[in-house]
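Analysis of the macromolecular model
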Amino acid sequence: MDYRVYLLIGGTLEMAHLIMFGILYLFIVLALLTFGKLTRKKEIYALIIAITYSITDEIHQYYVPYRSFSIIDIVKNLIGIWFFWWLINRSYYNRDSKIGKVFRRVTSKKEVPL
């Protein structure tokens with residue numbers, strides 16, 4: 001097989017770290033939005049859950065054959081989480097943002113304490 005195919009496959013798998021854990025954070029935020037408006041407390045809950053899962057996923061890979069633990073992978077996971085955190089913050093709190101409007105529509109009418 002051509003080396004460019006290997007590079008393409010490897011690059012795609014490495015980019016999955018950035019996207020996968022960012023999407024995890026996004027889904028956690030969407031779930032928390034069903035309990036009311038996005039607050040700093042809810043953002044911290046979502047960050048803690050996503051980061052903890054990211055780290056435990058890397059630790060479990062240490063014990064799985066043909067998988068490996070890597071600090072670099074944890075850093076890539078954290079970059080993905082940070083990017084989606086930045087994107088959500090930038091859009092949710094901006095009244096003119098179309099993405100923010102979608103996030104704000106997810107919020108239920110009743111505030112449920114969390």
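One can find the structure itself at the top, above this paragraph.
What you see is a predicted model, and the numbers here were worked out from it, not measured in a lab. (Residues numbered from 1 in each chain as written. Predicted model: local features only at pLDDT ≥ 70, side-chain atom pairs only at ≥ 80, totals over all residues. Heavy atoms only, no water.)

1. Side note on unusual backbone geometry
Outside of glycine, negative phi angles account for most residues, and trans bonds account for most peptide bonds. Phi angles above zero are rare outside glycine, and tyrosine 66 is one such case at about 70°. Within the secondary structure, tyrosine 66 is located in the loop between helix H2 (40–62) and helix H3 (71–92). With a relative accessible area of 85%, tyrosine 66 lands in the exposed category. (Helix = DSSP H or I, 4+ residues; strand = E, 2+ residues; numbered from the N terminus. Buried < 20%, exposed > 50% of the residue type's maximum accessible area, 1.4 Å probe, protein only.)

2. Let's talk about the nonpolar core
Among the nonpolar cores identified, the biggest contains 15 residues, and Tyr25, Val29 and Ile88 are the most heavily contacted of them. For this core, the leading source of residues is helix H1 (residues 3–33), giving seven residues. Leaving out residues up to four positions away in the same chain, tyrosine 25 has contacts with Glu43, Ala46, Leu47, Ala50, Ile81, Phe84, Trp85 and Ile88. (Core = buried A, V, L, I, M, F, W, Y, C linked by side-chain atoms within 4.5 Å. Contact = heavy atoms within 4.5 Å.)

3. A few points about the packing of aromatic side chains
Scanning the entire structure with this criterion turns up six aromatic pairs. Ring centres of tyrosine 62 and tyrosine 63 lie 5.1 Å apart, and the angle between their planes is 90°; this geometry places the pair in the edge-to-face category. Considered together, tyrosine 62 and tyrosine 63 belong to a single accessibility category, that of exposed residues. Centroid distance tryptophan 82 to tryptophan 86: 6.5 Å. Interplanar angle 20°. Geometry classified as stacked. One end of the pair is tryptophan 82 and the other is tryptophan 86, both in helix H3 and four residues apart, which spans about a single turn. By relative accessible area, tryptophan 82 is classed as partly exposed at 49%. By the ring-pair criterion, three or more aromatic residues cluster together here, those being Trp82, Phe83, Phe84 and Trp86. (Phe/Tyr/Trp six-rings, centres within 6.5 Å; stacked < 30°, edge-to-face > 60°.)

4. Some details on the packing of H3 against helix H4 (residues 98–106)
For any two helices packed against each other, one specifies the inter-axial angle together with the distance between the axes. Two elements in contact, H3 and H4, have axes separated by 7 Å at closest approach and are oriented at 90°. Overall, the two elements H3 and H4 adopt an arrangement that is roughly perpendicular. Contact residues: Ile88, Ser91 and Tyr92 in H3; Ile99, Gly100, Phe103 and Arg104 in H4. The class makeup of the residues in the contact of H3 with H4 is four nonpolar, two polar and one charged. (Axes fitted to C-alpha atoms, helices over the stretch in contact; angles between N-to-C directions. Parallel < 35°, antiparallel > 145°, perpendicular 65-115°, else oblique. Nonpolar A, V, L, I, M, F, W, Y, C, P; charged D, E, K, R; others polar.)

5. Topic: the side chain of lysine 76
Structurally, the position occupied by lysine 76 is in helix H3. Accessibility expressed as a relative area gives 16% for lysine 76, which makes it buried. When sequence neighbours within four positions are dropped, the list of residues in contact with lysine 76 reads Glu14, His17 and Leu18.

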